[in-house]
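# Examination of the molecular architecture
Listed here are the chains, written in short residue letters.
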Amino acid sequence: MKTCFFDLNYEELLSILKEWQEPEYRAKQLWNLVYRNLNFVPQNFSNIPKDLREKLDETFEFQPVKIIRNVSSSNQQANKYLLGLTDGKKIEAVLMRYRERTTICISTQVGCAMNCAFCATGQMGFTRNLTSGEIAGQVFFFVKELEKEERKLTNLVLMGMGEPFHNYANVMKGIDLINDPEGFNFGERRITISTVGIIPMIEKFTKAKRQINLAVSLHAPTNTIRNQIIPINKKYPIEDLLAACKAYTDYTGRRITFEYAMISGLNDSIEQAVQLSKLLRGMLCHVNLISLNPTRKYDRTGSSRESINNFYSILDKAGIPCSIRLNRGVDIGAGCGQLLAQA
Ligand code: SAH
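Quick caveat: nothing in here was measured; it's all calculated off a predicted structure.

Turning our eyes to something else, we now look at the packing of aromatic side chains. For the structure on display, the rule yields 22 aromatic pairs. Arranged with centres 6.1 Å apart and planes meeting at 55°, the rings of F6 and Y35 form a pair that is tilted. Of this pair, F6 sits in the loop between β1 (3-4) and α1 (10-19) while Y35 sits in helix α2 (residues 25-36), and the two are 29 residues apart along the sequence. Both residues of the pair, F6 and Y35, count as buried.

The biggest cluster of nonpolar side chains holds 105 residues, and the ones touching the most others in it are F6, F140, F258 and L280. Ranked by the residues each element gives to this core, the list is headed by helix α5 (residues 132-148), at eight residues. A domain split of this core shows at least three residues from each of domain 1 (3-61) and domain 2 (65-332). Once residues lying within four places of it in the same chain are set aside, the contact partners of F258 are V216, L218, L242, C245, L280, M283, C285, H286, V287 and N288.

Bringing the site of the ligand into the picture now. Near the ligand, the surroundings consist of 17 residues, among which E163, S194, S217, H219 and N293 are the closest. Within the contact set of the ligand, an oxygen atom lies 2.6 Å away from a side-chain nitrogen or oxygen of S194. About the coverage of the ligand: the protein hides 91% of its 530 Å² of free accessible area.

Further remarks concern the packing of α1 against α2. Where α1 contacts α2, the two axes come as close as 9 Å, and the packing angle between them is 130°. The angle between α1 and α2 falls in the class oblique. In terms of crossing hand, the pair formed by α1 and α2 is right-handed. On α2, the residues that touch Y10, L13, L14 and L17 of α1 are R26, A27, K28, L30 and W31.

What follows deals with the domain arrangement of the protein. When cut into domains, the protein gives domain 1 (3-61) and domain 2 (65-332). The C-alpha centroid of domain 2 is placed 34 Å from the C-alpha centroid of domain 1. With 14 residues of domain 1 at the interface, the matching set in domain 2 holds 19 residues. For the pair domain 1 and domain 2, the two sides together bury roughly 1300 Å², of which 55% comes from carbon and sulfur. In this structure, E12 engages K173 in a salt bridge whose closest nitrogen and oxygen atoms are separated by 2.8 Å. Inspection of the domain 1/domain 2 interface yields ten residue pairs in polar contact (both at pLDDT 80 or more). Here the side of domain 1 that touches domain 2 gets five residues from one element, more than from any other, and that element is α2. A breakdown of the residues in the side of domain 1 that touches domain 2 according to their chemical character gives seven nonpolar, two polar and five charged.

Among the secondary structure elements, K144 is positioned in helix α5. Once the C-alpha coordinates of K144 and I16 are considered, the two residues, 128 residues apart in sequence, prove to be 27 Å apart. Excluding residues that lie within four positions of it along the chain, K144 makes contacts with L38 and F40. Looking at K144, its side chain comes within polar contact range of the main-chain oxygen of L38, at 2.6 Å.

Moving on: α5. Helical geometry: 3.6 residues make up each α-helical turn, so side chains three or four residues apart lie on a common side. Here α5 contains 17 residues, and its C-alpha end-to-end distance of 25 Å stays within 8% of the 24 Å for a straight helix at 1.5 Å per residue. Within α5, 14 of the 17 residues are buried, which leaves it mostly tucked inside the rest of the structure.

Considering the arrangement of structural elements, one finds D7 in the loop between β1 and α1. Taking the C-alpha atoms as reference points, D7 and A136, separated by 129 residues in sequence, lie 8.3 Å from one another. Those residues in contact with D7 that sit more than four places away from it in its chain are E12, T131, S132, G133, E134 and K173.

The rules behind the values
Residues numbered from 1 in each chain as written. Predicted model: local features only at pLDDT ≥ 70, side-chain atom pairs only at ≥ 80, totals over all residues. Heavy atoms only, no water. Phe/Tyr/Trp six-rings, centres within 6.5 Å; stacked < 30°, edge-to-face > 60°. Helix = DSSP H or I, 4+ residues; strand = E, 2+ residues; numbered from the N terminus. Buried < 20%, exposed > 50% of the residue type's maximum accessible area, 1.4 Å probe, protein only. Core = buried A, V, L, I, M, F, W, Y, C linked by side-chain atoms within 4.5 Å. Domains from an automatic or database assignment. Contact = heavy atoms within 4.5 Å. Near = heavy atom within 4 Å. Polar contact = N/O pair within 3.5 Å; in protein donor to acceptor, adjacent residues only side chain to side chain. Areas by Shrake-Rupley, 256 points an atom, 1.4 Å probe, with all protein chains shown as cover. Axes fitted to C-alpha atoms, helices over the stretch in contact; angles between N-to-C directions. Parallel < 35°, antiparallel > 145°, perpendicular 65-115°, else oblique. Left-handed = near helix turned anticlockwise from the far one by under 90°. Buried area = accessible area lost by both parts, 1.4 Å probe. Salt bridge = Lys/Arg side-chain N within 4 Å of Asp/Glu carboxyl O. Nonpolar A, V, L, I, M, F, W, Y, C, P; charged D, E, K, R; others polar. Expected span 1.5 Å × (residues − 1).

Below you can see the structure in the form of structure tokens.
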């Protein structure tokens, strides 16, 4: 098995080259070729001697994710990709274009252990963590795809398959790689991590004081409802979760986003909107309301436009910053895990 080149940070690359008795400047040269010029084909590393190019080619994988399927939404704004990993496992990622904004949503695990009732990935169970190289590799895959249509990546969200905070070290190493000012230099402020609410990791993330945006999948205003759809809520209940979120906004001065998937007859009543606004009053936050994408193994449906609007009005009147998100990719099954579930 080849080593994924993107799994290495600069120091790790340097130490491999030292072992190979290459001069130190080669590491810098390679770093530039790969992360500045986005050249992923060792044969084309023209300023590197031929024997080293061959050795690099034999040792390293520069394509940790390969395309299996690409489905385009009817309005052409979203594409959902089914991607294959080198061990044959599959993940999903989504590309969204909206005016000048080009966002990709990538995966952090094969499957997910959180088992949220409405989530197609949760319904599949957990297979394995992605490596940092597979996480960063998805970004480079899309950067290359986007070159073909002369678009530049502007935003990155870690909201694909998996729970990023169950794979904290690899997620951060992957982000460090794409963020490296000597390399791809993709700003942290353009990155969002979404978590189901793993409190110890929210605390760790808070202390790290990064500029990466944080989103938390809240989806309910009470433990009774949240327990029904998000099993981990029994371990990390709402009051503790919100205390950790408050500590995050206090310590970092950064706004937190709450995701709220609106499920008809479950979490979308006027009363629940009032409960939610009381819960979030005074917090440095923003609520994203999104209608549930129906999945095969969950029999409830998304809320009507009218219920979403009513829910929104209550939050808005209570002074909770809030927006209604369009499900741009519904017709391509762009909800978490849905494409793979259909495959
Ligand atoms: N595990 C992380 C990130 C992956 S899911 C998390 O829980 O945040 C990304 C977002 O999609 C989460 O807010 C998740 O709750 C939401 N989601 C999953 N399935 C969905 C569905 N069928 N409809 C709407 N949102 C869904």
